[in-house]
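Chain and residue survey
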Amino acid sequence: KNQVEQSPQSLIILEGKNCTLQCNYTVSPFSNLRWYKQDTGRGPVSLTIMTFSENTKSNGRYTATLDADTKQSSLHITASQLSDSASYICVVSSLEYGNKLVFGAGTILRVKS
Amino acid sequence: NAGVTQTPKFRVLKTGQSMTLLCAQDMNHEYMYWYRQDPGMGLRLIHYSVGEGTTAKGEVPDGYNVSRLKKQNFLLGLESAAPSQTSVYFCASSPSGGVAGVPGELFFGEGSRLTVL
């Protein structure tokens, strides 16, 4: 069964600290993996996309990595800010037509001052 | 910069009542989707549309109907609401293309919180 598992479920860090969120998937055949940020009460917004051939991609203080062999991705946040408090959702898409997108349950990040 | 707009944002229904959620996008996207988001679970696809006049079932379609009479609008209907349909509903759109029908980036609305008593 195609699944996406995210860890940890929730995380609290101090402002200015770094953190890493994990995403493990079993979706096959793999097309791409996106990380979305969802602020409280808002819809998810795409942060970055990883394709099969990409290992690392950065978007400001966000850096995503992908290991297609082990089917793992991580999202690293550097020098966290209060505005980083949100849910981060990993979404994996498959090459198989009709198998659209598989969403993880998300990691809830809270940044404290 | 409207993007994807959902109405209403909040609604309380009694069991058995009907209602329609409206989604409008101004990005000329071909693909539109309705998802529901429940605590501790990933977003689940209810119905989707790959173009004006087309609709298809997603992962959890039972109890819902949809229509896409105009390219920019995607309506989600509940004919007889049940407490199990209490959820936050998100509409999303994406441009056409992608590999084998797999969509690209999704652009989400801000959600509609529905409570069924």
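What you are looking at is a predicted structure, and each value in this text was computed from that prediction instead of being measured.

Residue and element names in this part refer to chain A. The strand order 1-3-8-7-6 describes an open sheet built from five strands, whose pairing is antiparallel. Sheet topology places strand 1 (4-7) and strand 6 (56-59) at the edges, where each strand pairs with a single neighbour. Sheet twist, expressed as the mean angle between neighbouring strand axes with direction ignored, is 15°. The sheet contact formed by strand 7 (residues 62-67) and strand 8 (residues 72-77) spans six bridges and is antiparallel. Pairing of Ala-64 across the sheet is with Leu-75, part of strand 8.

Residues and elements named next belong to chain A. Of all nine residues in strand 9 (residues 86-94), nine are buried; the element is thus mostly enclosed. Residues Ala-86, Tyr-88, Cys-90, Val-92 and Ser-94 point to one face of strand 9 and Ser-87, Ile-89, Val-91 and Ser-93 to the other, with burial holding for every one of them. For strand 4 (residues 30-38) and strand 9, the ladder comprises eight bridges, and the chain directions are antiparallel. Considered in strand 9, the bridge of Gln-38 is made with Ser-87. Two strands pair when backbone bridges link them, and strand 9 and strand 10 (residues 101-103) are joined in this way by three bridges, in the antiparallel orientation. Bridged to Val-91 within strand 10 is Phe-103.

Attention now goes to the nonpolar core. Nonpolar side chains in soluble globular proteins generally cluster together in the buried interior. In terms of nonpolar packing, the biggest core is built from 25 residues, with A:Val4, A:Tyr25, A:Leu33, A:Trp35, A:Leu75, A:Tyr88 and A:Val92 touching the most fellow members. When neighbours within four sequence positions are excluded, A:Leu75 is seen to be in contact with A:Cys19, A:Thr20, A:Leu21, A:Trp35, A:Leu47, A:Tyr62, A:Thr63, A:Ala64 and A:Tyr88. Ranked by size, the runner-up nonpolar core spans 18 residues in total, among them B:Leu21, B:Cys23, B:Leu78 and B:Cys91.

All names here are of chain B. Strand order in this open sheet of four strands is 1-3-8-7, and the pairing throughout is antiparallel. Every interior strand has two partners, whereas the edge strands, strand 1 (4-7) and strand 7 (64-67), have only one. Put simply, the sheet's adjacent strands are angled 20° from each other on average, direction ignored. Examined bridge by bridge, strand 7 and strand 8 (residues 73-78) share four bridges and lie antiparallel to one another. Within strand 8, the residue paired with Tyr-64 across the bridge is Leu-78.

Time to look at the layout of surface pockets. Considering only enclosed or pocket space, the second largest pocket measures out at about 270 Å³ in volume. For the second largest pocket, the lining is made up of 15 residues, of which A:Arg42, A:Gly43, A:Pro44, A:Val45 and B:Phe108 are closest to its centre. Put simply, the parts of the chain that give the lining of the second largest pocket at least two residues each are strand 5 (45-51) of chain A together with strand 10 (107-108) of chain B. Broken down by element, the lining of the second largest pocket gets its largest block of residues, three residues, from strand 5 of chain A. A per-class count over the lining of the second largest pocket returns seven nonpolar, three polar and five charged.

We now examine the pairing of strand 7 of chain B. Residues B:Tyr64 and B:Val66 of strand 7 of chain B are buried on one face, while the alternating residues B:Asn65 and B:Ser67, pointing to the opposite face, are not. Between strand 7 of chain B and strand 8 of chain B, which pair antiparallel and follow one another directly, the connecting turn spans five residues.

Bringing the environment of B:Glu110 into the picture now. Summarising the element assignment, B:Glu110 is placed in the loop between strand 10 and strand 11 (112-116). Along the chain, B:Glu110 and B:Glu79 lie 31 residues apart, while their C-alpha atoms are 23 Å from each other. Not counting chain neighbours up to four residues away, the residues in contact with B:Glu110 comprise A:Gly41, A:Arg42, A:Gly43, B:Gln6, B:Lys9 and B:Phe90. In terms of polar contacts, B:Glu110 uses its side chain to reach the side chain of A:Arg42, at 2.8 Å.

Conventions we followed
Residues numbered from 1 in each chain as written. Chains lettered and ligands numbered in written order. Predicted model: local features only at pLDDT ≥ 70, side-chain atom pairs only at ≥ 80, totals over all residues. Heavy atoms only, no water. Pairing = 2+ DSSP bridges. Helix = DSSP H or I, 4+ residues; strand = E, 2+ residues; numbered from the N terminus. Axes fitted to C-alpha atoms, helices over the stretch in contact; angles between N-to-C directions. Buried < 20%, exposed > 50% of the residue type's maximum accessible area, 1.4 Å probe, protein only. Core = buried A, V, L, I, M, F, W, Y, C linked by side-chain atoms within 4.5 Å. Contact = heavy atoms within 4.5 Å. 1 Å grid on protein atoms, 1.4 Å probe; cavity = no way out; pocket = protein on both sides within 12 Å on 5 of 7 lines; lining within 4 Å. Points joined across faces, edges and corners; volume = space filled by probe spheres on them. Nonpolar A, V, L, I, M, F, W, Y, C, P; charged D, E, K, R; others polar. Polar contact = N/O pair within 3.5 Å; in protein donor to acceptor, adjacent residues only side chain to side chain.

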